[in-house]
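Summary of structural features
Residue strings, one per chain:
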Amino acid sequence: MMTRFNRRRLLLSGITAGFSASLIAESAQAQTNNETIEALFGADESSTQKNLSGQITISPTVAYDRAMSRILIQCSQIGMEQFEQRRRNPRFNGAIRSLPGYSDRLDRYSQIASFNVRLDATTTLLRNLNPLGNRIAQRIKPTQAFIGFALTASDHNLIVFRGTSNPKEWIANFQASQSDYVQAGAKRGRVHTGFFRLYEQLSEQVRQVANRINLALPCFVVGHSLGGALATLATADLAQNAKLRNQLRLYSYAAPRVGDRAFVQYLNTIVPNNYRIINLADTVPMVPPSSLRGQEYYHAGQEWMFLDYAGGDMGTSHAVSLYQVAIGQQIETNQPPSFPTACR
C-alpha cells in the first residue's frame, strides 16, 4: 500500500533531512523516512477543519522600528558567532566585541551578561521519546553552550537569544507536545514542551538581567529560529514585572510556533508590541503544525514578511544571514501578499 505523504510530511521530511545529515546518518544511520518523522513528531493530524494559518491578529501600540530591527537581526547573527566561538575555544568568555559580526554601530552598548545552557537528553527531551529518538539521543554528549547575551545603552536595553546551532537543540525543537503555562498561579494556555524546558534553564539568568537594567527604558527581546521561541517565552516571563511590562518589545525572526490560542492571546494582551518577521519561503515558521495530535499552535505578534526562495535551498531560506540582508534592504512588509494563494 502506498504510504500517505501529505503536505505536513513533505515539509517535515525536508527539515529532518538536514537534521539527518549532521546527526542521524552519522550517529544512528537512520533514514529520512516516515519512521524518522513519526519518532520525532508523532502521528499526523488528519482533520482538515483546523486553523491553517496559525496567526492571531494584533495591533501594537508602538510601530515596528526598521532601524532597530537592523540592529536586532545583527545581534542574532552575533549570537550564532558567540556559540561557534565557544565551541572552537572552550575558554571564550562570551564577549561579543571580538566576533566577526560586531560593528561600530554597537559601540554604544555595554554587554552585561551572556546566557549559558547545558544541553543534554535529560533537559531538552521528553521522557516518552519514541525508540528511534531515544537511540539518536543516546549518541549525543552533553554540551555547555552560549545561547545569547544582554546589552544596555542609554536609551534602551537588548536581550538576545540565538538560533539553533546543534543537534541537541533540534531534538528539543522536534518535541511538539505541550505543557501547561502557568503565571501567578493561573493557567495561561499551553506551550511547546521542548522550548519551555529549554527556557526553564535560562529563566533565572534572564530575570537577573531584568534586575540590572533601567526598567524605565524600552527593552527589546529578540531571537532568530529557536531563539525566537525562547524570546517569546522570555517576554511572557519578564512581563510579570509590572514596571518592565510596558517597556517590552518582542522581535522574533524565523520563529516556530510556541503555544496554543490561549497562550498567544495572553501574550498579545500583556505585550502588544510584539512583531514576527518571516521569509515566506522559510519552512521553520510552519512548525509545529497548527494542528497536531489534537493540539493547536498559533503565532504571536504582528506579522512582517518578505519573500526570498534562496535558489530553492531550504537551509539558506532560513539562515539568519539572509534575514539580515533582507532587513538591511528594508524589504519586509506587513501588507498581505499580492500573489494568488489558496489559504487565507
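1. Here we look at the overall build of the chain
- Scanning the chain from N- to C-terminus turns up 12 helices and 11 strands.
- Taken across its 344 residues, the chain has 56% of its residues classed as buried.
- For the chain, the share of sequence-separated contacts (at least 6 apart) that also reach a separation of at least 24 residues comes to 80%.
- In the structure as shown, the chain presents an accessible area of about 15100 Å², 49% of it carried by carbon and sulfur atoms.

2. Some points on the packing of aromatic side chains
- Enumeration over the complete set of coordinates arrives at 10 aromatic pairs.
- Relative to Tyr275, the ring of Tyr64 has its centre 5.9 Å away and its plane inclined at 65°; by these criteria the two rings are edge-to-face. Residue Tyr64 is located in the loop between α2 (34-41) and α3 (66-88), and its partner Tyr275 is located in strand β8 (residues 274-279); the two are separated by 211 residues in the primary sequence.
- Residue Tyr64 is classed as buried on the basis of its relative accessible area, which comes to 9%.
- Taken together, the aromatic side chains of Tyr64, Phe220, Tyr251, Tyr275 and Trp304 make up a single cluster linked through ring pairs.
- Arg86 extends its terminal NZ or CZ atom over the ring of Phe146, reaching a point 4.4 Å from the ring centre.
- For the cation-ring pair, Arg108 lies above Tyr109, with the distance from its terminal atom to the ring centre recorded as 5.4 Å.

3. Examining the pattern of salt bridges
- Following the criterion strictly, the structure yields nine salt bridges and no others.
- The closest approach of N and O atoms between Arg108 and Asp155, which form a salt bridge, is 2.7 Å. Taken together, the positions of Arg108 in the loop between α3 and β1 (110-119) and Asp155 in the loop between β2 (143-152) and β3 (157-161) put the pair 47 residues apart, joining distant regions of the chain.
- According to the relative accessible area criterion, Arg108 is partly exposed, its value standing at 42%.

4. Digging into the nonpolar core
- Judged by nonpolar contacts, the single largest core of 43 residues is most densely connected at Phe115, Ile159, Phe161, Leu202, Val221 and Phe263.
- Going through the elements one at a time, β1, β2, β3, α7 (193-210), β6 (219-224), α8 (226-238), β7 (248-253) and α10 (261-270) are the ones with two or more residues in this core.
- Counting residues in hydrophobic clusters, the runner-up holds 37 residues, among them Ile78, Leu151, Leu158 and Phe306.

5. Observations concerning the environment of Met68
- When you line up the elements, Met68 lands in helix α3.
- Judged by its relative accessible area of 8%, Met68 falls in the buried class.
- If we skip the residues at most four places from it in the chain, Met68 touches Tyr109, His156, Leu158 and Phe220.

6. Considering the packing of α7 against α8
- Contact geometry of α7 with α8 gives a least axis separation of 9 Å together with a crossing angle of 55°. With respect to each other, α7 and α8 are oriented oblique. Between α7 and α8 lies a crossing of right-handed hand. Only Leu226, Ala229, Leu230, Leu233, Ala234, Asp237 and Leu238 of α8 make contact with α7, whose side of the interface consists of Phe195, Phe196, Leu198, Tyr199, Leu202, Ser203, Val206, Arg207 and Ala210.

7. Concerning unusual backbone geometry
- Following Val287, the chain continues into Pro288 via a peptide bond in cis, with omega recorded as -10°.
- Mapped onto the elements, Pro288 comes out in the loop between β8 and β9 (291-292).
- In this structure, Ala184 is a non-glycine residue whose phi angle is positive, near 55°.
- Assignment of secondary structure puts Ala184 in the loop between β4 (178-183) and β5 (186-192).
- On the basis of relative accessibility, which here comes to 76%, the residue Ala184 falls in the exposed class.
- For Ser225, which is not glycine, the phi torsion reads 60° and is therefore positive.

Rules and cut-offs
- Residues numbered from 1 in each chain as written.
- Predicted model: local features only at pLDDT ≥ 70, side-chain atom pairs only at ≥ 80, totals over all residues.
- Heavy atoms only, no water.
- Helix = DSSP H or I, 4+ residues; strand = E, 2+ residues; numbered from the N terminus.
- Buried < 20%, exposed > 50% of the residue type's maximum accessible area, 1.4 Å probe, protein only.
- Contact = heavy atoms within 4.5 Å.
- Areas by Shrake-Rupley, 256 points an atom, 1.4 Å probe, with all protein chains shown as cover.
- Phe/Tyr/Trp six-rings, centres within 6.5 Å; stacked < 30°, edge-to-face > 60°.
- Lys NZ or Arg CZ within 6 Å of the ring centre and 35° of its normal.
- Salt bridge = Lys/Arg side-chain N within 4 Å of Asp/Glu carboxyl O.
- Core = buried A, V, L, I, M, F, W, Y, C linked by side-chain atoms within 4.5 Å.
- Axes fitted to C-alpha atoms, helices over the stretch in contact; angles between N-to-C directions.
- Parallel < 35°, antiparallel > 145°, perpendicular 65-115°, else oblique.
- Left-handed = near helix turned anticlockwise from the far one by under 90°.

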